[in-house]
Amino acid sequence: MNTPILALIIVAVAGAAVALQTPINAALGRNIGSGVAAAAVSFGVGFAILLAVLLLRGELGALPRAASASPVLLLGGVLGAFYVWSVLWAIPTLGALTVISALILGQLSAALVIDATGLLGLTVQAITPTRIAAAALVAAGLVLSRF
């Protein structure tokens, strides 16, 4: 069922969701008077949804096993919290296009290193001139989005 085309479509839709999430969270922060509180509410709502999905799938029993995972593997939550807070903090100053452009450039830069090193057991992917050009084009787009 998981094909490359389906995966690309779902990830592209998720990218659109991130673009929508950013101004929604920023508006929530303005509404309640705190960006950090808005990030916490956002995570709380997401947590509730994921608990419901786990329950519906019969996978709630997987949660206690997280206690035995390496602490490094729990950093995803820290990184996610930083991401949500940083974009809702920056969007009023930079606007949605520039924030998302900077986000994508950061993701591509990190992804090049992750692919080249095979971090956390991923298959090593070479850093090629084409892949560097892709990141450079996003960097150019970031500059154009702001200046």
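In the block above lies the structure referred to throughout.
Definitions and cut-offs
- Residues numbered from 1 in each chain as written.
- Predicted model: local features only at pLDDT ≥ 70, side-chain atom pairs only at ≥ 80, totals over all residues.
- Heavy atoms only, no water.
- Helix = DSSP H or I, 4+ residues; strand = E, 2+ residues; numbered from the N terminus.
- Buried < 20%, exposed > 50% of the residue type's maximum accessible area, 1.4 Å probe, protein only.
- Contact = heavy atoms within 4.5 Å.
- Areas by Shrake-Rupley, 256 points an atom, 1.4 Å probe, with all protein chains shown as cover.
- Expected span 1.5 Å × (residues − 1).
- Polar contact = N/O pair within 3.5 Å; in protein donor to acceptor, adjacent residues only side chain to side chain.
- Patch = residues over 30% accessible without salt bridge, like charges linked within 9 Å, V, L, I, M, F, W, Y side chains within 5 Å.
- Salt bridge = Lys/Arg side-chain N within 4 Å of Asp/Glu carboxyl O.
- Core = buried A, V, L, I, M, F, W, Y, C linked by side-chain atoms within 4.5 Å.
- Axes fitted to C-alpha atoms, helices over the stretch in contact; angles between N-to-C directions.
- Parallel < 35°, antiparallel > 145°, perpendicular 65-115°, else oblique.
- Left-handed = near helix turned anticlockwise from the far one by under 90°.
- Nonpolar A, V, L, I, M, F, W, Y, C, P; charged D, E, K, R; others polar.

Draft legend 1. Fine view of the overall build of the chain. In terms of helices and strands, the chain carries 5 helices and 0 strands. Starting at the N terminus and ending at the C terminus, the chain contains elements arranged as α-α-α-α-α. By principal-axis analysis of the C-alpha atoms, the chain measures approximately 45 × 40 × 30 Å. Counting the 147 residues in the chain, one finds 18% classified as buried. Here the contacts in the chain between residues at least 6 apart in sequence split such that 61% fall between residues at least 24 apart. Carbon and sulfur atoms form 77% of the exposed surface of the chain, whose accessible area is close to 10100 Å².

Draft legend 2. Structural detail: helix 2 (residues 35-57). Taking 1.5 Å as the rise per residue, helix 2 with 23 residues should run 33 Å; its terminal C-alpha atoms sit 33 Å apart, in good agreement. Within helix 2, burial applies to A38, A39, S42 and L54. Lining the buried residues of helix 2 we find helix 1 (4-32) and helix 3 (75-94). Among the residues of helix 2, the N-terminal cap falls to S34, whose side-chain oxygen and the backbone nitrogen of V36 are separated by 3.4 Å. Looking one or two places after helix 2, you find G58, whose phi comes out positive at around 70°.

Draft legend 3. Region of the structure containing a nonpolar patch on the surface. Residues V72, L73, L75, V78, L79, L119 and L120 make up a contiguous nonpolar surface patch of about 710 Å² in total accessible area. Along the chain, L73 turns up in the loop between helix 2 and helix 3.

Draft legend 4. Spotlight on the nonpolar core. The biggest cluster of nonpolar side chains holds 12 residues, and these are A26, A38, A39, Y83, V84, V87, L88, A90, I91, V99, I100 and L103. Put simply, the parts of the chain that give this core at least two residues each are helix 2, helix 3 and helix 4 (96-117). For this core, the element with the most residues is helix 3, which contributes 6 residues. Ignoring anything within four residues of it in the chain, the contact list for V87 reads T22 and V99.

Draft legend 5. View of the packing of helix 1 against helix 3. Interhelical geometry of helix 1 versus helix 3 gives an angle of 70° and a closest axis separation of 8 Å. With respect to each other, helix 1 and helix 3 are oriented roughly perpendicular. The chirality of how helix 1 crosses helix 3 is right-handed. Along the contact surface, helix 1 presents V18, Q21, T22, P23, N25 and A26, while helix 3 presents Y83, V84, V87, L88 and I91. Counted by class, the contact of helix 1 with helix 3 contains 8 nonpolar, 3 polar and no charged residues.

Draft legend 6. A look at helix 4. Here helix 4 is 22 residues long and its end C-alpha atoms lie 31 Å apart, about the 32 Å a rise of 1.5 Å per residue gives. For helix 4, the set of buried residues is T98, V99, I100, S101, L103, L105, L112 and D115. Against helix 1, helix 3 and helix 5 (129-146) lie the buried residues of helix 4. Backbone geometry just after helix 4 places G118 at a positive phi near 65°.

Draft legend 7. Here's a closer look at the packing of helix 4 against helix 5. Running from N to C, helix 4 and helix 5 point in directions that differ by 160°, and their axes come no closer than 9 Å. Compared by their axis directions, helix 4 and helix 5 come out roughly antiparallel. Here the hand of the crossing between helix 4 and helix 5 comes out left-handed. Within the contact between the two elements, helix 4 uses L97, T98, S101, A102, I104, L105, L108, L112 and D115 and helix 5 uses R131, A134, A135, V138, A139, L142, S145 and R146. For the contact of helix 4 with helix 5, a count of residues per class yields 11 nonpolar, 3 polar and 3 charged.

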